[in-house]
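Structural description and commentary
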Amino acid sequence: MIPETMEAVLLTEPAPAGQVCLRRCPVPSVRPGWVLVKVKAFGMNHSEQLLRLSEIRADYIPKPVIPGIECVGEIVDASDSRFRNGQRVAALMGGMGRSFPGSYAEYALLPAHHVFAVSSSLPWEQLAAVPETYFTAWGSLFDGLDLQPGETLLVRGGTCALGYGAIQLAKALGCWVVATTHKAEKLPLLAADQAVLDTGHLAGTLPGINKVLELVGPKTLRDSLGCVKRRGIVCSTGILGGVGGLNGFDPIKQIPNGVYLTGFYSNQPTQEIMDAIFAFLEDHRLVPCLGAVFPFSRIREACLAQEQGTVNGKIVVRMPDAAETETGRIPQVEK
């Protein structure tokens, strides 16, 4: 039975974490081409923090808006789609949480083309750590970098959820992984073959790098281009450094001869790719990387943890009926 109202986070103006709260609003009505998903859990992302703190001012954001660019859950109204009610699904991107209401809610009305069937038996909380993080890691490594077994990969900005996921995938593939952090105290958290303190000037100090996953972004991109061997590739995916673009960038002079620069934008997931990701995780017996799990009732504290950087890894928020975690295996923040 689908209720008439639900709890959700509604944004109309910039809201620091301390102002985030749950409000009641109508459960959205289904329309052709869209499906209604009962959200079981969702991962939190840096882009949602940017929306909450500043992007919400933009004219292209309809207000009020429910943030959240990904979720996992069950279909409760399949409408005219290929799905069936009760089916386990994951959803990500395609305008979620910006062009239309997203996942910080008990129910989400989502375009069917950005909802994907999931056959994985992972519990909801682990499942919620996969969609956006692992899709972006997968696309960056295999589409952007064409990563091959035996290569040496540098993950620049390795102590974010995406960094942890990329390290995990690359090591499972059979690569030698070098990962960086700019905080010395976080070096032990890097499950890479080599952990490096990032001074911002690594070019010439790390021999044998074939590929670089650049998660710090334009702030260190020029330096990353100097880190790879000839025929190496740099994929710029993140903006952890807080710099969104390159002023005065001269590609002729600043991209070394025989080095390739690319990027990955995670707005075009497909069922085929999502199937490949879950199959890879299962085949290699990988458990998705999690930092902490918060109940939905404590969404404000989850946002505070994200804002203050107190959680190492992916923050997942679960709904009350989705607590399937094995005790002690994933850090919990209980009621």
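Higher on the page you've got the structure.
Scope of this entry: the structure provided in the associated data block. Since the structure is predicted, the reported quantities are computational estimates derived from the model, not experimental observations.

Another aspect to go through is the overall build of the protein chain. The helix and strand inventory of the protein chain stands at 8 helices and 15 strands. Computed over C-alpha atoms, the radius of gyration of the protein chain comes to 20 Å, within 12% of the 20 Å expected from 2.2 N^0.38 for 335 residues, which places it in the range of a compact globule. For the protein chain, the C-alpha atoms occupy an extent of roughly 60 × 45 × 40 Å along the three principal directions. Within the span of the protein chain, comprising 335 residues, buried residues form 55% of the whole. Taking the intrachain contacts of the protein chain between residues at least 6 apart in sequence as the baseline, contacts between residues at least 24 apart amount to 71%. As presented, the protein chain carries roughly 14,700 Å² of accessible surface, and 52% of it is formed by carbon and sulfur atoms. Measuring between centres, the 30 positive side-chain charges of the protein chain sit 4 Å from its 32 negative side-chain charges.

Counted according to the given criterion, the structure contains 6 aromatic pairs. These aromatic residues form a ring-pair network of at least three members: Phe42, Tyr104 and Phe296. Above the ring of tryptophan 34, the side-chain terminus of arginine 31 is found at 4.0 Å from the ring centroid. Positioned above the aromatic ring of tryptophan 124, the side-chain terminus of arginine 88 is 4.1 Å from the ring centre.

Looking now at the pattern of salt bridges. Inspection of the entire model under this criterion finds 10 salt bridges. In this structure, arginine 156 engages aspartate 198 in a salt bridge whose closest nitrogen and oxygen atoms are separated by 2.8 Å. Residue arginine 156 is located in strand β8 (residues 152–156), and its partner aspartate 198 is located in the loop between β10 (194–197) and β11 (209–214); the two are separated by 42 residues in the primary sequence. Accessibility expressed as a relative area gives 0% for arginine 156, which makes it buried.

Glancing now at the sheet that holds β11. One open sheet accounts for 6 strands, arranged β10-β9-β8-β11-β12-β13; its pairing is parallel. Among the strands making up the open sheet, the edge pair consists of β10 and β13 (260–263). Adjacent strand axes in the sheet meet at a mean angle of 20 degrees, parallel and antiparallel pairs treated alike. Relative to β10, strand β9 (residues 176–181) runs parallel, the two being bridged by 4 bridges. Bridge pairing in β10 links threonine 181 to leucine 197. Against the sheet, helix α4 (residues 161–173) contacts β8, β9 and β11, and its axis sits at roughly 165 degrees relative to β9.

Most of helix α5 (residues 218–225) sits inside the fold, with 6 of its 8 residues counted as buried. Restricting attention to buried positions, one finds in α5 the residues Pro218, Thr220, Leu221, Asp223, Ser224 and Leu225.

Here we come to the side chain of threonine 133. Mapped onto the elements of the fold, threonine 133 is located in helix α3 (residues 131–144). For threonine 133, a relative accessible area of 7% puts it in the buried group. Within the local environment of threonine 133, its side chain forms a polar contact with the side chain of lysine 314, the two groups lying 2.9 Å apart.

Time to look at unusual backbone geometry. The linkage connecting lysine 63 with the following residue, proline 64, adopts the cis geometry, with an omega of 0 degrees. Relative to the elements of secondary structure, proline 64 occurs in the loop between α1 (46–53) and β4 (70–77). Even without glycine at this site, aspartate 146 takes up a positive phi of about 50 degrees. Mapped onto the fold, aspartate 146 is located in the loop between α3 and β8. For arginine 285, which is not a glycine, the phi torsion comes out positive at approximately 55 degrees. The class of arginine 285 is exposed, set by a relative accessible area of 77%.

Scoring rules and cut-offs
- Residues numbered from 1 in each chain as written.
- Predicted model: local features only at pLDDT ≥ 70, side-chain atom pairs only at ≥ 80, totals over all residues.
- Heavy atoms only, no water.
- Helix = DSSP H or I, 4+ residues; strand = E, 2+ residues; numbered from the N terminus.
- Rg over C-alpha atoms; globule rule 2.2 N^0.38 Å.
- Buried < 20%, exposed > 50% of the residue type's maximum accessible area, 1.4 Å probe, protein only.
- Contact = heavy atoms within 4.5 Å.
- Areas by Shrake-Rupley, 256 points an atom, 1.4 Å probe, with all protein chains shown as cover.
- Lys, Arg positive; Asp, Glu negative; His and termini not counted.
- Charge placed at Lys NZ, Arg CZ, Asp CG, Glu CD.
- Phe/Tyr/Trp six-rings, centres within 6.5 Å; stacked < 30°, edge-to-face > 60°.
- Lys NZ or Arg CZ within 6 Å of the ring centre and 35° of its normal.
- Salt bridge = Lys/Arg side-chain N within 4 Å of Asp/Glu carboxyl O.
- Pairing = 2+ DSSP bridges.
- Axes fitted to C-alpha atoms, helices over the stretch in contact; angles between N-to-C directions.
- Polar contact = N/O pair within 3.5 Å; in protein donor to acceptor, adjacent residues only side chain to side chain.

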